[in-house]
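Inside the fold
Each chain is listed here by its residues.
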Number of protein chains: 2
Amino acid sequence: MSSQIAIQKVSQPKPKPNQAELGFGHFFTDHMFIMDYTAGQGWHDPRIVPYGPIEVEPSVMVFHYGQATFEGLKAYNTVDGRILLFRPYANAERLNVSNERLCIPPIDPNFTVEAIKSLVEFEKNWIPAGEGNSLYIRPFVIATDPYLGVKPADTYKFFIVLSPVGAYYPEGINPVKIYVESNYVRAVKGGLGFTKTAGNYAASLKAQEEAKEKGFTQVLWLDGIEKKYIEEVGTMNVFFKIDGEVVTPSLEGSILAGITRDSTIKLLKSWNVPVNERRISIEELYVAHDQGKLEEAFGTGTAAVISPIGELNYNGRTISINGGKTGDLSSKIYHTITGIQNGSVADTFNWTVEVK
Amino acid sequence: MSSQIAIQKVSQPKPKPNQAELGFGHFFTDHMFIMDYTAGQGWHDPRIVPYGPIEVEPSVMVFHYGQATFEGLKAYNTVDGRILLFRPYANAERLNVSNERLCIPPIDPNFTVEAIKSLVEFEKNWIPAGEGNSLYIRPFVIATDPYLGVKPADTYKFFIVLSPVGAYYPEGINPVKIYVESNYVRAVKGGLGFTKTAGNYAASLKAQEEAKEKGFTQVLWLDGIEKKYIEEVGTMNVFFKIDGEVVTPSLEGSILAGITRDSTIKLLKSWNVPVNERRISIEELYVAHDQGKLEEAFGTGTAAVISPIGELNYNGRTISINGGKTGDLSSKIYHTITGIQNGSVADTFNWTVEVK
Ligand SMILES: Cc1ncc(COP(=O)(O)O)c(C=O)c1O
Ligand SMILES: Cc1ncc(COP(=O)(O)O)c(C=O)c1O
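Residues numbered from 1 in each chain as written. Chains lettered and ligands numbered in written order. Predicted model: local features only at pLDDT ≥ 70, side-chain atom pairs only at ≥ 80, totals over all residues. Heavy atoms only, no water.

As annotated in an unreviewed UniProt entry, chain A carries the name Branched-chain-amino-acid aminotransferase and comes from Syntrophomonas zehnderi OL-4. UniProt, in the comment section headed Cofactor (unreviewed entry), describes chain A in these words: "pyridoxal 5'-phosphate". In UniProt, chain A has this text filed under Sequence similarities (unreviewed entry): "Belongs to the class-IV pyridoxal-phosphate-dependent aminotransferase family." (UniProt positions renumbered as here; feature names shortened; annotations may be inferred.)

**Re the relation of the copies chain A and chain B**
Note: a rotation about an axis with an accompanying shift along it relates these two copies of the chain. With an RMSD of 0.0 Å, chain A superimposes on chain B once it is rotated by 180° and translated 0.0 Å along the axis. Classification of the inter-copy transformation places it as that of a two-fold axis. Of the interface residues in chain A, 100% have counterparts in chain B that sit at the interface too, so the contact is made through matching surfaces. (Least-squares fit on C-alpha atoms with pLDDT ≥ 70 in both. Contact = heavy atoms within 4.5 Å.)

**Regarding the packing of helix H5 (residues 259-270) of chain A against helix H7 (residues 328-341) of chain A**
Residue and element names in this part refer to chain A. At a closest axis distance of 11 Å, the pairing of H5 and H7 adopts a crossing angle of 110°. Accordingly, the angle class assigned to the pair H5 and H7 is roughly perpendicular. When H5 is examined against H7, the residues Thr260, Ser263, Thr264, Leu267 and Leu268 are found in contact with a partner set consisting of Leu329, Ile333, Thr336 and Ile337. Across the contact of H5 with H7, the residue classes tally to five nonpolar, four polar and no charged. (Axes fitted to C-alpha atoms, helices over the stretch in contact; angles between N-to-C directions. Helix = DSSP H or I, 4+ residues; strand = E, 2+ residues; numbered from the N terminus. Parallel < 35°, antiparallel > 145°, perpendicular 65-115°, else oblique. Nonpolar A, V, L, I, M, F, W, Y, C, P; charged D, E, K, R; others polar.)

**What about the site of ligand 1?**
Residues and elements named next belong to chain A. Of all residues adjacent to ligand 1, which total 16 residues, the nearest are Lys196, Tyr201, Glu232, Thr260 and Thr302. Between ligand 1 and Arg94, the relevant distance is 2.8 Å, taken from an oxygen atom to a side-chain nitrogen or oxygen of the residue. Between an oxygen atom of ligand 1 and a main-chain N or O atom of Ile259, the distance comes to 2.7 Å. Starting from 380 Å² of accessible surface for ligand 1 in isolation, the protein chains cover 96%. Residue classes in the shell around ligand 1 are distributed as four nonpolar, eight polar and four charged. (Near = heavy atom within 4 Å. Polar contact = N/O pair within 3.5 Å; in protein donor to acceptor, adjacent residues only side chain to side chain. Areas by Shrake-Rupley, 256 points an atom, 1.4 Å probe, with all protein chains shown as cover.)

**With respect to the packing of aromatic side chains**
All names here are of chain A. Taken as a whole and assessed by the stated rule, the structure comprises 39 aromatic pairs over all chains. Ring geometry for Trp43 versus Phe158: centroids 6.3 Å apart, planes at 70°, classification edge-to-face. Here the residue Trp43 occupies a position in strand E3 (residues 42-50), and Phe158 occupies one in strand E9 (residues 155-165), the gap between them amounting to 115 residues. Like Trp43, the residue Phe158 is buried in the burial classification. Among the aromatic side chains, those forming a connected cluster through ring pairs are Phe33, Tyr37, Trp43, Phe111, Tyr156 and Phe158. The positively charged end of Arg279 is found above the aromatic ring belonging to Tyr229, 3.9 Å away from the centroid. (Phe/Tyr/Trp six-rings, centres within 6.5 Å; stacked < 30°, edge-to-face > 60°. Buried < 20%, exposed > 50% of the residue type's maximum accessible area, 1.4 Å probe, protein only. Lys NZ or Arg CZ within 6 Å of the ring centre and 35° of its normal.)

**Some details on the side chain of Arg186(B)**
Residues and elements named next belong to chain B. Along the polypeptide, Arg186 turns up in the loop between strand E10 (176-181) and helix H4 (198-213). For Arg186, the side chain forms a polar contact with the side chain of Glu232, separated by 2.7 Å. A polar contact is formed between the side chain of Arg186 and the backbone oxygen of Ser254, at a distance of 3.1 Å.

**Observations concerning the pairing of strand E16 (residues 294-301) of chain A**
Residue and element names in this part refer to chain A. With respect to burial, E16 is a largely interior element, seven of its eight residues being buried. Of the pairings in the sheet, the one linking strand E13 (residues 237-242) to E16 comprises six bridges and is antiparallel in character. Of the residues in E16, the one forming a bridge with Phe239 is Phe298. Pairing of E16 with strand E17 (residues 305-314), which is carried by four bridges, proceeds in the antiparallel orientation. Considered in E17, the bridge of Thr300 is made with Ile306. (Pairing = 2+ DSSP bridges.)

**A look at the interface of chain A and chain B**
With 59 residues of chain A at the contact, the number on the chain B side is 59 residues. The junction of chain A with chain B conceals about 5,100 Å² of combined surface from both sides, 66% of it contributed by carbon and sulfur atoms. Looking at the side of chain A facing chain B, the largest losses of area belong to Pro58(A), Phe63(A) and Leu148(A), adding up to 13% of the total buried there. Run the count over chain A and chain B and you get two salt bridges. Two residues, Glu100(B) and Lys206(A), come together in a salt bridge whose shortest N-O distance is 3.0 Å. Linking chain A to chain B there are 20 residue pairs in polar contact (both at pLDDT 80 or more). Every element with two or more residues in the side of chain A that touches chain B is listed here: strand E4 (54-56), helix H1 (61-65), strand E5 (68-70), helix H2 (88-101), strand E8 (134-143), E9 and helix H4 (198-213) of chain A. With ten residues, the top contributor of residues to the side of chain A that touches chain B is H4(A). Its residues assigned to classes, the side of chain A that touches chain B shows 35 nonpolar, 15 polar and nine charged. (Buried area = accessible area lost by both parts, 1.4 Å probe. Salt bridge = Lys/Arg side-chain N within 4 Å of Asp/Glu carboxyl O.)

**As for the site of ligand 2**
Residue and element names in this part refer to chain B. Around ligand 2, the surrounding shell holds 16 residues, and the nearest of these are Lys196, Tyr201, Glu232, Thr260 and Thr302. Within the side chain of Arg94, an N or O atom sits 2.8 Å from an oxygen atom of ligand 2. Taking Ile259, its main chain carries an N or O atom lying 2.8 Å from an oxygen atom of ligand 2. Isolated, ligand 2 exposes 380 Å² of accessible area, and the fraction of that covered by the protein chains is 96%. Of all the secondary structure elements, the ones that give two or more residues to the shell around ligand 2 are helix H5 (259-270) and strand E16 (294-301). Tallied by class, the residues present in the shell around ligand 2 amount to four nonpolar, eight polar and four charged.

**A word on the environment of Ala257(A)**
All names here are of chain A. Inspection of the secondary structure puts Ala257 in the loop between strand E14 (245-248) and H5. Overall, the relative accessible area of 35% leaves Ala257 in the partly exposed class. It is 9.8 Å that separates the C-alpha atoms of Ala257 and Met236, two residues lying 21 residues apart in sequence. Setting aside its immediate chain neighbours within four residues, Ala257 contacts Arg94, Asn237 and Leu251.

**Details of the nonpolar core**
Within the largest apolar cluster, 121 residues are counted, with the highest numbers of intra-cluster contacts made by Phe33(A), Phe63(A), Val120(A), Phe33(B), Phe63(B) and Val120(B). Residues contacting Val120(B), with those up to four places away along its chain left out, are Ala75(B), Ile83(B), Leu85(B), Ile127(B), Leu135(B), Ile137(B), Leu162(B) and Val355(B). (Core = buried A, V, L, I, M, F, W, Y, C linked by side-chain atoms within 4.5 Å.)

Below, the structure written as structure tokens:
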């Protein structure tokens, strides 16, 4: 199918950003992928074109009624000079899960991966060198009808844009302080919590800002119904090692089914580490801590891979986990996944897809 | 302040649409209002410019993280040739309520109303003649940073666009059939339900589509926690007349504080009709119906003003309200509010603001 992708090249490539100033999500490559959807016609006109501003009507439905879904994954330069994607089919399938809930037409996952591969191949000089650096890939869909009425749109645009990003831990993996949110709610069962849709992130901003002001990196969400069960952290799923067993909140419809979460579970099983997907309350976690059984805590997500949690604050009570240091298991998962991504660890799960 | 609004006129006005084909939200006038926000500088450069496409980066934050708020109100031609807005300060203030929750900087409500008045005055030839027709006013704010990271943006744009719209009831006010939703959830306390933000409407689409397929006009939402208490209908608040008393769900944080809702409550009080803002369960409503006490049900909102509910379906059981006909009280509220809006009923509440 990739042969169907029309290509329009920039006349003058942009200068590449300095590696030291990459950060996350600030720079974009020379080209992007676009495909249109029109009711009755389906998805059509896939193309790679120069990255740049697009024209939309002020009445474009996405501004008003929020039909917008997205994905996030990365392309990695390997130690032996290849380019790898990590589980791109999982992202392509999750995009359709989001689309289905948001009444957005599905996109053939094989074609999504083809489009990602074509664009990354085309922009391969943009994958930054340097350990931990990578090319962030952002596929996203927006409703484009110029119409003010609450209904699913008849026209959409599917984009893929690429952003060279710096290492998440330039000075080594580092535990964070997390605030357990018991006032604001991110999502509830029956709503959009399991999708990657713009509105979920809008809903998270205020709690996140208030937590930052109090000196925390992120918020740990509790369920919206009883404000009791642990959900997820910012843009990460969350895991706890309690008395030798790893526990992570089960997928009940209000949290994202993270791909790093799934990879972590599969790795743990392959290592014969007991892992349990179930509901876990914040009280249970604090009791485990008080009994000396809370051994490690960490978030999982594409951006950081593993983000150890060194401290939690719930209702004014702070607990320190593993002395505020990165646990052995967290560290092992981190090095295994990043190793698979950069080609230094054997990919026994067949997770990577080479771009060539 | 209106003198600060720069004006750039179109060279060639568009032809006006045919009155019969107006519908809702399809046509836009010749001009729109825009104002920019830049962190450190505040809101700046208010201007009226030709209505037309705007340029945004594909990485514009609103597409990805949904920081987007809006309002909806109307300008009416009166029977005696004036132009009236209905409670525009209430919309301007509610926009700030939404902005505050979404971490969007507030806009001086007086200036918002000034901007609305200036734009409507400028476009007054676009207010359609004909009973029930009006000019729909859509103020909205979007985050415009070209940046992929979950945080409040540093730049925003505030727009006001105008759309000539047809009468909601060209053939007279007409009761609708409503499906009581017990699977999907629109919003929950602690979330964004009380704001007018894009994501709330995205969350409502799937339930609405499924209800339409079953032959219903709209969905009546239940609370997201117990799926028991009545919330609101689509883009309307909801009222029930039970045994002589009017009941409407209290504002608990998960529904919009509708301006038509507030006007309805104030009118009822002025008529000495008992009105009670409280939690009301769907069971209670069905019991009231079975006891012959459910006299009327109606939705309230800017688009329709009053939308009588003729039939409800909950868990497979259908009830008919007031024999499927518009109730006397619903009708009286409808004619009073629309009368105030078109100048045929005295505005004893000082709700209207003249544009001149
Ligand atoms: C809300 C949320 N939870 C969890 C995750 C982690 O998902 P993944 O591991 O697929 O990156 C993300 C990031 O994508 C997210 O946005
Ligand atoms: C979700 C929702 N509820 C209620 C309303 C009714 O509000 P108002 O009477 O201010 O138009 C609207 C429309 O604005 C709405 O979008």
